Each structure stands twice: as structure tokens, then as C-alpha cells.
Amino acid sequence: MKIIRCKDYEDMSKKAAALFFSQIHMKPDCVLGLATGSTPVGTYKQLIKWYEEGELDFSKVKSVNLDEYVGLDGTNDQSYRYFMNENLFNHVNIDKANTNVPNGKADNMNEEALRYEALIESLGGIDMQLLGIGNNGHIGFNEPSDAFDKITHEVKLTDSTIHANARFFETIDDVPKTAISMVIGTIMKAKKVVLIANGPKKADIIYETCFGPITPNVPASALQMHPDATIIVDEEAYATILAKRGE
Ligand code: F6R
């Protein structure tokens, strides 16, 4: 696990985007694993900038997103499909037919999960996966639990996640209570993983993720076992590491 310490959010975003820039240049038809939430917005902005400057070509890139709320379709402005269109896909030359987000409106979520897993396999797996992290250590919507789940499935969101995500909705009651998410096993199969985090709220969980025990109670701690995981954090998210290890 490599930890890259950055000055601030902008610096973190630029460094994360630079890894995706290299990935796309090295393999123009790569499969990118993408995330939503506040954290990756700056990374996507930087990628869009490089695209507009003629430095990046997304025409052969394929993508798979980590998760989607159950019950929301792509026209809902809180859906992750909508987020991806607004924050990246509508601004670059990616072929939308090559972009994939789990279907939160599928009739049968177990079947949708199997379809999504099979799709990732058929694309040859994920070359580089971008991750944010929840304050409770979730990645994708893999919430803290007693065991690492093995197959993509519908997950019940914890109160902590519902509260954290309420900022995007009119009222807390509007936050969906379940989501469909790639599981830790699928994320671990990505050839490279890039986790980004900023701000003081993420400091303790970043310490746990990098130096705590590997446990499903801190789902992101599984990344300690990934052969090519890079954690990119700003000074504030690095604060607990600094305090506890004096680095
Ligand atoms: C989103 C996702 C979540 C977020 C996490 C952090 O696709 O998978 O795990 O990365 O909840 O969200 P933010 O970035 O809003 O703090």
C-alpha cells in the first residue's frame, strides 16, 4: 500500500487524475472502475480539463461504477448514473454505451448483481479502480460487517451512511435505504486501486484503513492486502497518521 500525502483537495485531485491519465495513455481501451460522492469531483474536473486541452482521449475507454441506489433510475438527479453523466461522461468523448452503472431499478437485485459481475468479467476485469471512503470505512457501499461479502448484491445502508449522504437529498427520509454495490472481492480483483480522501472527518478512518487490523469492520482495510493500492490523502485526512506515527 502506497500513501501519497498531498497539500490540499486540489493537489489530491490532480495526483489521482494523473494516475488515470497514465492509465488511459498506457492502455487506451482500459476498463476504469469509477466512484461517486464529493471526493472524486475534483479528479473528474482535472480529467475533463486534460480532455479539453487535447491531452486525453476517452473514445476507447470502458467504465464500471461501484454502486447505485436501489429504486433510482438514471434520470433521478440523485442517482449515481446521473452523477457520472453530469460530472464526467457528458464532458469527455467516452461512448456512453461503454459506461456501466448497476441498474437500481432492476426487478431482481440478485440477478442484476450476477449480471454486473459477469459484465466486469467479460470486459476482462478492472484496470484501475477509483475509490472514495465513507467515514465508517465503507468502500463502494460495503458497510462494516462481520464478514467480507463475496458477490455483488443489494446492501442495507447503515445509519451513519444515510446521515452522511443526507446532504445530497431534500430530507433524510429521501435517502434510499439500500443500494447495489460491487463487493470487496470484486474491488480486490482490480489490477490497480486508487483511494482518495480529504478533510478532517476522514483522518481516523484513513489511519485505521492503512495501519489498523484487516477486518470487515473497516472494509477499506482489505486494501492492505491489495498488491497495487495507492492511497492519496490531503494533509487533513493524513492528520491521524501523523499524530500516531509521527511521520
Ligand atoms: C460512491 C461510493 C462511496 C463513497 C463514500 C465517500 O460511489 O462508493 O463509497 O466513495 O461514501 O463519499 P464522499 O466522497 O461523498 O465523502
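Our subject is the structure that appears above.
Student: Can you help me understand the overall build of the chain in this one?
Tutor: The helix and strand tally for the chain stands at eight helices and ten strands. Judged by the C-alpha coordinates and their principal axes, the chain covers about 50 × 40 × 35 Å. Within the chain, the proportion of its 247 residues that are buried is 52%. Intrachain contacts of the chain at a sequence separation of at least 6 include 79% that bridge at least 24 residues. As displayed, the chain has an accessible area near 11000 Å², and 50% of this comes from carbon and sulfur atoms.

Student: What is the right way to read the sheet that holds strand β4 (residues 67-69) from this model?
Tutor: Hydrogen bonds along the backbone pair up the strands of a sheet, which may run parallel or antiparallel. Strand order across the open sheet formed by three strands is β4-β8-β7, with antiparallel pairing between neighbours. For this open sheet the edge positions go to β4 and β7 (153-156), each flanked by a neighbour on one side alone. Adjacent strand axes in the sheet meet at a mean angle of 30° when their direction is disregarded.

Student: Is there a simple way to explain the environment of Ser-160 in this structure?
Tutor: Note that Ser-160 resides in helix α5 (residues 159-165). Residue Ser-160 is classed as partly exposed on the basis of its relative accessible area of 38%. Along the backbone, Ser-160 and Asn-135 are 25 residues apart, and their C-alpha atoms lie at a distance of 8.0 Å.

Student: Looking at this model, I keep getting lost on the site of the ligand. Mind explaining?
Tutor: Thr-39, Asp-67, His-138, Gly-140 and Lys-202 are the nearest of the 14 residues found near the ligand. At a separation of 2.8 Å, an oxygen atom of the ligand approaches a polar backbone atom of Ser-38. Between an oxygen atom of the ligand and a main-chain N or O atom of Gly-140, the distance comes to 2.7 Å. Protein contacts shield 94% of the accessible area of the ligand, which totals 410 Å² for the unbound molecule. A class-by-class count of the residues in the shell around the ligand yields three nonpolar, eight polar and three charged.

Student: I tried to follow the sheet that holds strand β2 (residues 31-34) on my own but got confused; where do I start?
Tutor: Spatially, the seven strands line up as an open sheet ordered β1-β10-β9-β6-β2-β3-β5, and their pairing is parallel. The sheet is open, and its two edges are formed by β1 (2-6) and β5 (99-100), each paired on a single side. Here strand β3 (residues 62-65) runs beside β5; their pairing, made up of two bridges, is parallel. Bridged to Ser-63 within β5 is Thr-99.

Student: For this particular structure, what's the right way to read the nonpolar core?
Tutor: General note: in soluble globular proteins, nonpolar side chains tend to be found buried as a group. Residues Val-64, Leu-131, Ile-139, Met-182, Leu-195, Ile-206 and Leu-223 are the most contacted members of the largest nonpolar core, which totals 32 residues. For this core, the elements supplying multiple residues, two or more each, are α4 (109-122), α6 (184-189), β9 (192-197), α7 (203-211), β10 (229-234) and α8 (235-245). Examining the composition of this core, we find that four residues originate from one element, α7, more than from any other. Other than its neighbours up to four places away in sequence, Leu-131 contacts Ala-35, Leu-66, Ile-139, Ile-187, Val-193, Val-194, Leu-195, Ile-196 and Leu-223. Core analysis: the second largest hydrophobic core is formed by 27 residues, Leu-56, Met-84, Met-128 and Val-194 among them.

Conventions adopted
- Residues numbered from 1 in each chain as written.
- Predicted model: local features only at pLDDT ≥ 70, side-chain atom pairs only at ≥ 80, totals over all residues.
- Heavy atoms only, no water.
- Helix = DSSP H or I, 4+ residues; strand = E, 2+ residues; numbered from the N terminus.
- Buried < 20%, exposed > 50% of the residue type's maximum accessible area, 1.4 Å probe, protein only.
- Contact = heavy atoms within 4.5 Å.
- Areas by Shrake-Rupley, 256 points an atom, 1.4 Å probe, with all protein chains shown as cover.
- Pairing = 2+ DSSP bridges.
- Axes fitted to C-alpha atoms, helices over the stretch in contact; angles between N-to-C directions.
- Near = heavy atom within 4 Å.
- Polar contact = N/O pair within 3.5 Å; in protein donor to acceptor, adjacent residues only side chain to side chain.
- Nonpolar A, V, L, I, M, F, W, Y, C, P; charged D, E, K, R; others polar.
- Core = buried A, V, L, I, M, F, W, Y, C linked by side-chain atoms within 4.5 Å.

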